[in-house]
Amino acid sequence: MHLAGPLCVLLLLAFGLLVLETPIARAVRDEDRLLFAPAVGLIVVGVIGLTAGIVGLTAALRWIGLLIALLVLVRWRVIWQRVRAADSLTRFAFIAFALSLGSQFALAKVFQNTAPGPDRVWTAFNMSGVSPPDQMFAWRQATWYQHKLRFGRDEFYEDMDLFDRPHLAGAVTLFFAECAGFRFPNTRLPEGGSEIYEYPRSALRAYQSLWRSLNTLYLLGIAVLARRLLGERMAVLAVGLCALSAHFVLSAGGIWVKFAPLYLLLLMAALLIENRGPLLAGILAAASFHLHGSMLPFLLGAGAFLFCRWITRDRAERPAAFRAVAAFAVCGMMLIGPWFIVPKVVGSRQPLLMYYLYDAGLTEAQHTSRDEIQRAFRDRTSRAGLVALPIYNVLRNLTPYRIIEHIGGFSYRDPSHASLQNISTAMMHSETNCLPAAVGVWAIPIVYLGLVRMLQLRRWDVLLLFAYAVPTVFIALLYRKDRMIMTPVISPYHAIAVLSVCLALRRLSASGCLTLCFIAVADNLFVSLFAWERFHPMTRGLAWDALWSFAPGAVATYAGLLIAIAALTGAAIRISRGETVMDTGGAGCLGFERDMRTIVGLPPLLWKLAAALIAVISILAVYGAIVSRSFR
């Protein structure tokens, strides 16, 4: 059953290649077809599964799956020709995919032998800190459709709501479950009792394998985007650093459906910066949202990026730019807009929305009215505190305060402060809570340098401003929680940290890149094996004696796979081509920037920072006025 996920990815790859033989492939470069193919296959099978689930014809999915398999067998020569023609970066990305997936399985085996839970769900929780509802949401959605349950009449998942998350992940799970002939159990206690769920071991193993594999496709997305922006050489380093990142390994291995939608989002970004295929980009954007709703702020940032590029084009180029904006916007409204209408129509209370907006209990909205939740939020929150909360959260997410706290609290009288577990836990908290530490604590100063260089490079400023600054402000203003929510919940920040490292070190030698990868291996081992707390503070890590007593083989396998990824990354960098910095086709941070710096003579970076500061102050002023009005 561990091979279920890789086999599903192979099917998606082969089917996606056949779909890309149609006119839709015009938007995709030939060198990127293999990297795009699993995304196209994922979208198609997801739409088929969702349609069958809505209309109640889930039994037909096995026949559709059989037809897809037959089509792949009939056209295997075309598929094989594409595979044989793959370039070196594509081959490296798929090798890194296989090794990274193996490392996730090895780490899961470590925890299964050393810190097992009652079942594989809780073992994955011990490993990563990803809560069981987050792990099993796609499973429950697939169960819901397979048993033809009805909203409002049947329970969903304890006190959680069917519409807390979009349904495409459940549709993909349903498609492959029906193809395999598996029926999800839906056992109930006697009338008046709460719902219980039985997880058959083989099916649960296959489910975890599927979503670990789909999450690991993120490596293919980072390969496409990094090649467009930085060239093949730095794209190899970006893929290697992602595969060695503890945050990525724990998120993907913990069955958190975060990096699978990010894979689609990165492919969308690669199309948009080249001004290719806005319709396909819109489809990828909608699919990423329907896999996980946390992608929405970054889709708004992508729309703002397209709009900025349109208004800053020359008059002769504006019609083509406008058509790209219109195609992306119409596609987004038609494919994403209905999601915000359907929950209102069916009467969903969406408790997860109340959780972020009003810091309510995770399922409180199921039993409490919205007015009561708002009133309780106002009672425990001051006006000044609410206005300052976005600034407080953003500053905490930009600084490695947990590492600073740990170093500042060092005392020779407390030897436990310097213990391996405490140091590793501080590293884990930093990688979870600090944007520059998303790929590792070692990367913090390099990411800062890379962000400065992004602002200095011509037209990278627009990409950084709209792809990340706009979503950050949106998230900071709407997620009213007094703790970090960005890096572990909103996974695209991991990608910007990786790109920052590669941009800052784009002149680094192959030997230097290899050394960097081995530093990343050490960081990963510290965090993934020895950190006492994970994403969730209730988790407890591995004891040193138990680690070497019960799982020496699994630990050696995990470390060996990481070392293999690092070594292959260094070897691939040696034979890859030189880098080029992609021109994103914008026109500066603001339209008047060039004229103003010519008149005044200030460096362009200062104008960009001044413009960003003015924009932030203006947004916070409007936000403060809205908050003050709501407290009247």
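Above: the structure in question.
These lines cover the structure that appears in this document, whether it is placed above or below.

**Remarks on the pattern of salt bridges**
Two side chains bearing opposite charge may form a pair once their charged atoms approach each other closely. Applying the stated criterion across every chain yields a total of 12 salt bridges. Salt-bridge contacts for arginine 29 lead to glutamate 274; the nearest nitrogen and oxygen are separated by 2.6 Å. Separated by 245 residues along the polypeptide, arginine 29 in the loop between helix 1 (4-19) and helix 2 (33-55) and glutamate 274 in the loop between helix 13 (259-273) and helix 14 (278-291) bring together distant segments of the chain. Assessed through its relative accessible area of 32%, arginine 29 is described here as partly exposed. Between aspartate 32 and arginine 227 there is a salt bridge, and its shortest N-O distance comes to 2.7 Å. You can see aspartate 32 sitting in the loop between helix 1 and helix 2 and its partner arginine 227 sitting in helix 10 (residues 218-230), a full 195 residues away along the chain.

**Points about the packing of helix 5 (residues 88-114) against helix 6 (residues 120-128)**
Relative orientation of the contacting elements helix 5 and helix 6 amounts to 105°, with a least axis distance of 9 Å. Classified by the angle between their axes, helix 5 and helix 6 sit roughly perpendicular to one another. For the pair formed by helix 5 and helix 6, the contact residues are Leu107, Ala108, Phe111 and Gln112 on the first element and Arg120, Thr123, Asn126 and Met127 on the second. The residue makeup of the contact of helix 5 with helix 6, split by class, is four nonpolar, three polar and one charged.

**Looking at unusual backbone geometry**
Backbone geometry at lysine 148 places phi at a positive 55°, although glycine is not the residue there. You can see lysine 148 is positioned in the loop between helix 7 (132-146) and helix 8 (168-179). Assessed through its relative accessible area of 40%, lysine 148 is described here as partly exposed. One non-glycine residue, asparagine 275, lies in positive phi territory at about 60°. Relative to the elements of secondary structure, asparagine 275 occurs in the loop between helix 13 and helix 14.

Scoring rules and cut-offs
Residues numbered from 1 in each chain as written. Predicted model: local features only at pLDDT ≥ 70, side-chain atom pairs only at ≥ 80, totals over all residues. Heavy atoms only, no water. Salt bridge = Lys/Arg side-chain N within 4 Å of Asp/Glu carboxyl O. Helix = DSSP H or I, 4+ residues; strand = E, 2+ residues; numbered from the N terminus. Buried < 20%, exposed > 50% of the residue type's maximum accessible area, 1.4 Å probe, protein only. Axes fitted to C-alpha atoms, helices over the stretch in contact; angles between N-to-C directions. Parallel < 35°, antiparallel > 145°, perpendicular 65-115°, else oblique. Contact = heavy atoms within 4.5 Å. Nonpolar A, V, L, I, M, F, W, Y, C, P; charged D, E, K, R; others polar.

The quantities given are spatial measurements derived from coordinates; they are silent on function.
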